Amino acid sequence: MKLICCNFKMNLLKKDIENYLNNINNKIEKERVIFFPSIPYIESFNKENYLVGSQNISFNEFGSITGDTSIHQLKELGITYTIIGHSERRKYFDDDKYISKKINLALNNNIKTILCIGELEKLSEEETNSFLKSEIDQAFLDNINLINENNLIIAYEPIWAIGSGVIPDNNCLNNTISFIKNYIKESYNLNIKVLYGGSVKLDNIDNLEKINIIDGYLIGGASLNPSDILSLQSKIK
Ligand code: 13P
């Protein structure tokens with residue numbers, strides 16, 4: 001059963017969320033679909049019917065950090081997941097040091113972590129693997145005593161594929177995801193799930209579904225449309 005993670009990013013207003021919830025009412029498979037709305041709307045999702053996560057957490061637990069939201073505050077809103085290290089946050093705010101601290105906080109507080117990794121531009125297979133290896137090591141090294149096969153999931157999102165409509169071909173994707181899984185198994189002795197993210201849509205999902213080793217998807221744009229997400233749910237096995 002593959003995971004379907006819906007990253008709304010900084011989209012949708014209150015009315016849109018209400019319409020969205022009316023449209024998906026009772027039709028979502030709670031155990032495998034996770035919604036990541038903006039913080040003001042986390043409470044709009046009834047946690048009896050939906051799994052909900054945050055798109056980020058603060059690197060600190062409390063204190064004078066203007067504009068941040070702590071893991072404890074987010075837990076009070078009912079999150080059970082968080083995304084950490086999304087490329088859009090790495091671009092403006094987060095470096096490897098902050099990402100490592102955030103993973104530590106999330107896992108210490110029993111919040112499941114979707115750790116995003118991915119290269120900025122199309123690279124050779126060797127260059128891609130070496131880039132991903134470094135992102136994995138930076139995130140894992142200080143947290144290895146906390147990470148297990150149930151509390152951390154990798155989302156491989158090549159940055160050039162996000163929002164562009166262009167995705168890696170099946171062969172490349174298969175090789176890259178195999179590399180990630182094998183590398184983590186060999187280096188850290190963990191069987192970690194790997195999601196794919198980047199321009200996942202109704203018109204490419206059948207093709208992506210041919211890649212058996214993908215454990216699910218992190219979906220941006222297409223997750224904003226309730227009918228698309230319901231159709232994707234029916235196509236993702
Ligand atoms: P798109 O599906 O819009 O390309 O976004 C992917 C993404 O960044 C999900 O986190």
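Owing to the predicted nature of the structure, the values given are computational and were not obtained by experimental measurement. (Residues numbered from 1 in each chain as written. Predicted model: local features only at pLDDT ≥ 70, side-chain atom pairs only at ≥ 80, totals over all residues. Heavy atoms only, no water.)

**Here's the deal with the packing of helix H5 (residues 125–140) against helix H6 (residues 170–188)**
At a closest axis distance of 10 Å, the pairing of H5 and H6 adopts a crossing angle of 40 degrees. Considering the angle they form, H5 stands oblique to H6. Here H5 runs over H6; the crossing is right-handed. Contacts between H5 and H6 involve Glu125, Thr128, Asn129, Leu132, Lys133, Ile136, Asp137 and Phe140 on the former and, on the latter, Asn175, Thr176, Phe179, Ile180, Tyr183, Ile184 and Tyr188. Among the residues forming the contact of H5 with H6, the class breakdown is 8 nonpolar, 4 polar and 3 charged. (Axes fitted to C-alpha atoms, helices over the stretch in contact; angles between N-to-C directions. Helix = DSSP H or I, 4+ residues; strand = E, 2+ residues; numbered from the N terminus. Parallel < 35°, antiparallel > 145°, perpendicular 65-115°, else oblique. Left-handed = near helix turned anticlockwise from the far one by under 90°. Contact = heavy atoms within 4.5 Å. Nonpolar A, V, L, I, M, F, W, Y, C, P; charged D, E, K, R; others polar.)

**Let's talk about the nonpolar core**
Residues Phe35, Phe140, Ile154, Tyr196 and Leu208 are the most contacted members of the largest nonpolar core, which totals 62 residues. Considering every element that reaches this core, the biggest residue donor is H6, with 6 residues. Look past the residues within four positions of phenylalanine 140 in its chain and what remains in contact with it is Leu115, Ile147, Leu152, Ile154, Ile184, Tyr188, Leu190 and Ile192. (Core = buried A, V, L, I, M, F, W, Y, C linked by side-chain atoms within 4.5 Å. Buried < 20%, exposed > 50% of the residue type's maximum accessible area, 1.4 Å probe, protein only.)

**Here we look at the site of the ligand**
Taken together, Asn7, Lys9, His86, Glu157, Ile162, Gly163, Gly198, Ser199, Leu218, Gly220 and Gly221 make up the full set of residues adjacent to the ligand. Glycine 220 is positioned with one of its backbone polar atoms (N or O) 2.9 Å from an oxygen atom of the ligand. Within the backbone of glycine 221, an N or O atom sits 2.8 Å from an oxygen atom of the ligand. Here the ligand loses 94% of its free accessible area of 300 Å² to cover by the protein chains. Among the residues making up the shell around the ligand, the classes are represented as 2 nonpolar, 7 polar and 2 charged. (Near = heavy atom within 4 Å. Polar contact = N/O pair within 3.5 Å; in protein donor to acceptor, adjacent residues only side chain to side chain. Areas by Shrake-Rupley, 256 points an atom, 1.4 Å probe, with all protein chains shown as cover.)

**A word on the environment of aspartate 215**
Mapped onto the elements, aspartate 215 comes out in the loop between helix H7 (202–208) and strand E8 (216–219). We classify aspartate 215 as buried; its relative accessible area is 18%. Placed 80 residues apart in sequence, aspartate 215 and glutamate 135 show a C-alpha to C-alpha distance of 20 Å. If we skip the residues at most four places from it in the chain, aspartate 215 touches Lys2, Leu3, Lys181, Ile192, Lys193, Val194 and Leu195.

**What about the environment of glycine 118?**
Take glycine 118: it is sitting in the loop between strand E5 (112–117) and H5. What makes glycine 118 buried here is its relative accessible area of 5%. Placed 17 residues apart in sequence, glycine 118 and glutamate 135 show a C-alpha to C-alpha distance of 8.3 Å. Excluding its chain neighbours within four sequence positions, the residues that come into contact with glycine 118 are Phe131, Leu132, Glu135, Tyr156, Glu157, Pro158 and Ile159.

**Side note on the layout of surface pockets**
Roughly 740 Å³ of internal volume is contained in the largest pocket. Lining the largest pocket are 31 residues; nearest its centre among them are Met10, Gln55, Glu88, Arg89 and Phe93. Listed by contribution, the elements that provide at least two residues to the lining of the largest pocket are helix H3 (87–92) and H5. Top contributing element to the lining of the largest pocket by residue count: H3, with 6 residues. Residue classes in the lining of the largest pocket are distributed as 13 nonpolar, 11 polar and 7 charged. (1 Å grid on protein atoms, 1.4 Å probe; cavity = no way out; pocket = protein on both sides within 12 Å on 5 of 7 lines; lining within 4 Å. Points joined across faces, edges and corners; volume = space filled by probe spheres on them.)

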